[in-house]
2 protein chains.
Amino acid sequence: MRKNLAVSYSAAMRARLSDIAQQADVSEATVSRVLNDRPGVAPETRQAVLTALDVLGYERPARLRKRSAGLVGLVVPELDNPIFPAFAQIIESALAPTGYTPVLCTQTPGGVREDEYVEMLLDRQVSGIVFVSGLHADTAADHDRYRTLLARPLPIVMINGYAPGIPAPFVSCDDREAAELAVAHLVALGHRRIGLITGPDRFVPVQRKVSGYKAAMERLAGVDDDELAELTELSLFGVEGGEAAAGRLIERGATGIVCGSDLMALGAIRAARQRGMSVPEDLSVVGYDDSPLMAFTDPPLTTMRQPVAAMAVAAVRALVDEINGHGAPHSEYLFRPELVVRGSTAVARQDAASTQSGPGRQRPTPSALAVPA
Amino acid sequence: MRKNLAVSYSAAMRARLSDIAQQADVSEATVSRVLNDRPGVAPETRQAVLTALDVLGYERPARLRKRSAGLVGLVVPELDNPIFPAFAQIIESALAPTGYTPVLCTQTPGGVREDEYVEMLLDRQVSGIVFVSGLHADTAADHDRYRTLLARPLPIVMINGYAPGIPAPFVSCDDREAAELAVAHLVALGHRRIGLITGPDRFVPVQRKVSGYKAAMERLAGVDDDELAELTELSLFGVEGGEAAAGRLIERGATGIVCGSDLMALGAIRAARQRGMSVPEDLSVVGYDDSPLMAFTDPPLTTMRQPVAAMAVAAVRALVDEINGHGAPHSEYLFRPELVVRGSTAVARQDAASTQSGPGRQRPTPSALAVPA
DNA sequence: CTCGATTCTGCAAGTTCTTGCTGACTAATG
DNA sequence: CATTAGTCAGCAAGAACTTGCAGAATCGAG
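From a predicted model like this one, the values you see are computed outputs, not experimental measurements.

Another aspect to go through is the overall build of chain A. Helices and strands together make up the secondary structure of chain A, namely 13 helices and 12 strands. Out of the 373 residues belonging to chain A, those deemed buried represent 55%. For chain A, the accessible surface area stands at approximately 15900 Å², while carbon and sulfur atoms represent 53% of it.

Okay, the pairing of strand β2 (residues 101-106) of chain B next. Residue and element names in this part refer to chain B. Extensive coverage of β2 is indicated by the burial of 6 of its 6 residues. In β2, alternate side chains face the same way, and those of Thr-101, Val-103 and Cys-105 on one face and Pro-102, Leu-104 and Thr-106 on the other are all buried. For the crossover that starts at strand β1 (residues 71-76), traverses helix α6 (residues 83-95) and ends in the parallel β2, the hand is right-handed.

Let us now look at the packing of aromatic side chains. This structure, assessed with the given rule, holds 6 aromatic pairs over all chains. A cation over a ring is seen here: A:Lys209 above A:Tyr288, with NZ or CZ 4.0 Å from the ring centre.

The next subject is the sheet that holds strand β6 (residues 194-198) of chain B. Two orientations exist for strands paired in a sheet by backbone hydrogen bonds: parallel and antiparallel. All names here are of chain B. With respect to topology, 6 strands assemble into an open sheet ordered β7-β6-β8-β9-β10-β12, the strand pairing being mixed. In the strand order of this sheet, the two ends are held by β7 (232-234) and β12 (338-340), each with one partner. If you compare each strand with its neighbour and ignore which way they point, the axes differ by 20° on average. Strand direction decides the pairing type here: β6 and β7, joined by 3 bridges, are parallel. Across the sheet, residue Leu-196 finds its bridge partner in β7, namely Thr-232.

This part takes up the sheet that holds strand β6 (residues 194-198) of chain A. Residues and elements named next belong to chain A. As summarised here, the arrangement of the 6 strands in space is β7-β6-β8-β9-β10-β12, forming an open sheet in which the pairing is mixed. Edge positions in the sheet fall to β7 (232-234) and β12 (338-340), since each has one partner strand and no second. Neighbour-to-neighbour, the strand axes of the sheet open up by a mean angle of 20°, direction not taken into account. Bridge analysis of strand β8 (residues 256-259) against strand β9 (residues 284-289) gives 3 bridges, and the strand direction is parallel.

In this section: the protein's contact with DNA strand D. As a matter of local geometry, DNA strand D sits amid 20 residues, with A:Ala29, A:Ser32, A:Asn36, B:Ser27 and B:Thr45 nearest to it. A breakdown of the atoms of DNA strand D within 4 Å of the protein gives sugar and phosphate a share of 71%. At 3.2 Å, a side-chain N or O of B:Thr30 approaches a phosphate oxygen of DNA strand D. B:Gly40 has a polar backbone atom sitting 3.2 Å from a phosphate oxygen of DNA strand D. Listing elements by their share of the surface near DNA strand D, those giving two or more residues are α3 (28-35) of chain A together with α3 (28-35) of chain B. When grouped by side-chain class, the residues that make up the surface near DNA strand D number 9 nonpolar, 6 polar and 5 charged.

To continue, consider the confidence of the model for chain A. All names here are of chain A. With 86% of its residues at a pLDDT of 70 or more, chain A has an overall mean of 85. Ignoring residues within four places in sequence, the model shows residues 1-13, a span with pLDDT below 50, making 5 contacts including any to other chains. Ignoring residues within four places in sequence, the model shows residues 352-373, a span with pLDDT below 50, making 30 contacts including any to other chains.

Turning next to the environment of B:Ala245. All names here are of chain B. With respect to the helices, strands and loops of the structure, Ala-245 is situated in helix α12 (residues 239-251). In the structure, Ala-245 is positioned 49 residues away from Leu-196 in sequence and 9.1 Å away in space, judged by C-alpha atoms. Those residues within four positions of Ala-245 in sequence are excluded, and the remaining contacts are Ile-197, Glu-233 and Ser-235.

Before going further, it helps to spend a moment on the nonpolar core. Grouped burial of nonpolar side chains is what soluble globular proteins tend to show. Among the nonpolar cores identified, the biggest contains 148 residues, and A:Ile91 and B:Ile91 are the most heavily contacted of them. When neighbours within four sequence positions are excluded, A:Ile91 is seen to be in contact with A:Leu74, A:Val130, A:Val132, A:Ile159, A:Ala312 and A:Val316.

Residues and elements named next belong to chain A. Positionally, His-143 belongs in the loop between β3 (128-132) and α7 (144-151). Owing to a relative accessible area of 12%, His-143 belongs among the buried residues under this scheme. In this structure the side chain of His-143 is engaged in a polar contact, spanning 3.2 Å, whose partner is the backbone oxygen of Leu-135. The contact partners of His-143, leaving out residues within four places of it in the chain, are Leu-135, His-136, Asp-138, Ala-163 and Ile-166.

Bringing a negative patch on the surface into the picture now. On the surface, A:Glu218, A:Asp224, A:Asp225 and A:Asp226 cluster together to form a negatively charged patch. Here A:Asp225 is to be found in helix α10 (residues 225-231).

Rules behind the numbers
Residues numbered from 1 in each chain as written. Chains lettered and ligands numbered in written order. Predicted model: local features only at pLDDT ≥ 70, side-chain atom pairs only at ≥ 80, totals over all residues. Heavy atoms only, no water. Helix = DSSP H or I, 4+ residues; strand = E, 2+ residues; numbered from the N terminus. Buried < 20%, exposed > 50% of the residue type's maximum accessible area, 1.4 Å probe, protein only. Areas by Shrake-Rupley, 256 points an atom, 1.4 Å probe, with all protein chains shown as cover. Right-handed = clockwise from strand over helix to strand, strands pointing away. Phe/Tyr/Trp six-rings, centres within 6.5 Å; stacked < 30°, edge-to-face > 60°. Lys NZ or Arg CZ within 6 Å of the ring centre and 35° of its normal. Pairing = 2+ DSSP bridges. Axes fitted to C-alpha atoms, helices over the stretch in contact; angles between N-to-C directions. Near = heavy atom within 4 Å. Polar contact = N/O pair within 3.5 Å; in protein donor to acceptor, adjacent residues only side chain to side chain. Nonpolar A, V, L, I, M, F, W, Y, C, P; charged D, E, K, R; others polar. pLDDT = per-residue confidence, 0-100. Contact = heavy atoms within 4.5 Å. Core = buried A, V, L, I, M, F, W, Y, C linked by side-chain atoms within 4.5 Å. Patch = residues over 30% accessible without salt bridge, like charges linked within 9 Å, V, L, I, M, F, W, Y side chains within 5 Å. Salt bridge = Lys/Arg side-chain N within 4 Å of Asp/Glu carboxyl O. Lys, Arg positive; Asp, Glu negative; His and termini not counted. Charge placed at Lys NZ, Arg CZ, Asp CG, Glu CD.

Following this line, the structure appears as structure tokens:
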């Protein structure tokens, strides 16, 4: 075939080695060496060829894009719950000094799913992937996908969610302890009928919160299984899910509610107000995450803080270590949550606490209407 | 050189066409056609070759991956301000039905910058890029970078921020009108000494807000230039910036403050409380964005809503049209903001209106503690 | 200033990939 | 059942790319 035919072939009109050689004023051989990143080319010559490449719009092969070789995928489930942008932001900051470039992938309902993003990231030749609350946290999901990744091998790190049999670092907040601490806080304030609202129980963090909640309720409030079942509401994550579940718990006489996310807690507060109740006077609510802005809510939300910064740093360090080949033992690193007491919890009303005596509608204890720090 | 030499060449040991042909039981020619996405190959044969490709771990060239729809870059400046995750989420949702996969790029202080992300996106052969509050909004930045992109040609769409001379669709919220509406709202409540807090004035949206604010203040409150200068505070975006600036405005006797972001508004509220003032009794605060959760703040924030959903849909449609070659005229599409009245604004205190008596320390009027909708 | 060592580039001979053309096969039609 | 039109894989020519080798250029030591 004639050359001009080839040249006019596609709209892309891929430049030939010979064109680049001409542009850079070197031989094809040199261009070829540069393109394949082989030795024996002087730095200036190499740069000249690369420049010519760009001038002619030549698509650099993947191996040459080493400059951006330091890509790291960051897969988060959504952005509605502010804890996820918070994780994303902090992980990206932690990644910056390591020289890796984060590529954030967020799933949307009806949109791109985790596997598709992973495929894209692989295609993009990422050095590793961080999964935040991904399918690894879902006991109903097939975890072979992660074993396949590790077999390539591709370093991966999981945040919040544990799945046995995946030899990778897991970084989690101790959900069990968080639930226990939240219950303990409410018990200390005199609550006994304390409800739990969290998400669908196929998720590991949900299971752990339920387990911690039940243990603490039995130990600290002396509540039996039947009552526990009545006080546990699995719902959808998000404000509306929390609102609906809280409505049911309020009707069953709960005076305190532990929520699986801050958004659910805000929904619970809304449910209480719609029934003419005040928070924290009539109902105490504890959130989970301490996502941004929770100090500014009405009332400021008492919540279990996930040590997001520490977790992000640990995850990034673990990933970079894996990439460099000195991976730490593949266990789960549990981070301790911290109770942040703000204004959505208060001493239980006497008439509702376990000893049912007390007068009816007394003034609430002065709530800790803290100026947000 | 001998074949085995070539084969043992690199660790990657790139599979040859002949290997794939053998694996798929077809000729090299057929493999070549598949790899280059050329016609004349039966679908089953094509699939067989692709499978063989994967079996042998052959890295598919980028053009073949195009099959997996197009990628669209989505560049946002940060995730701390919840309006940005909100934009990202909605744009991703709007993108989903079009078949494009969003790649979210967020900048972080000290981390990856816009140009680096753009380079990576180009490298990844994205079909287009959406910039949210990017450098196009910064009058101090060089806008040639965008003209270069358009010359490739690569479709781009800008959200919030306008730069003349870039022939691309711009989708913005009408900042000028937002500022005017905010001022009008406060004037209607009896305020006259109304301050403005917003970001550094090299940003187009800031300039527009300032311009709208000044126009409205002159027209509605009859304030002269000197007083306006005293009531305008340019600060850093974010809670702390708002807090610092609000402190200065309060000292100068402002009874109402219009903020350039919701975060700044929360900072302003904090500044007021630290001085023993109540919001909205002693100080009315209007935010900007109506980012998520603002209905849950204390007090619920009165704010100017950006029609995020409509803007996202418009931006996505404009981008997809550009990609498909039927671009609309490249003008700026201005979306009208909407005043959302919640609990952070109230009628001006008599002693503080027009007659300047400075912020006293008396008890506030009963607050309109609205239940968030 | 000369010489040798070293680095770098181009030549040319490979190897690999692309593509026009051909013929085999299939399905529809007479 | 024969014919025709269309599709599709393979052949093989040759274009594109790679690489061993040798000569040119550079640099430092003597």
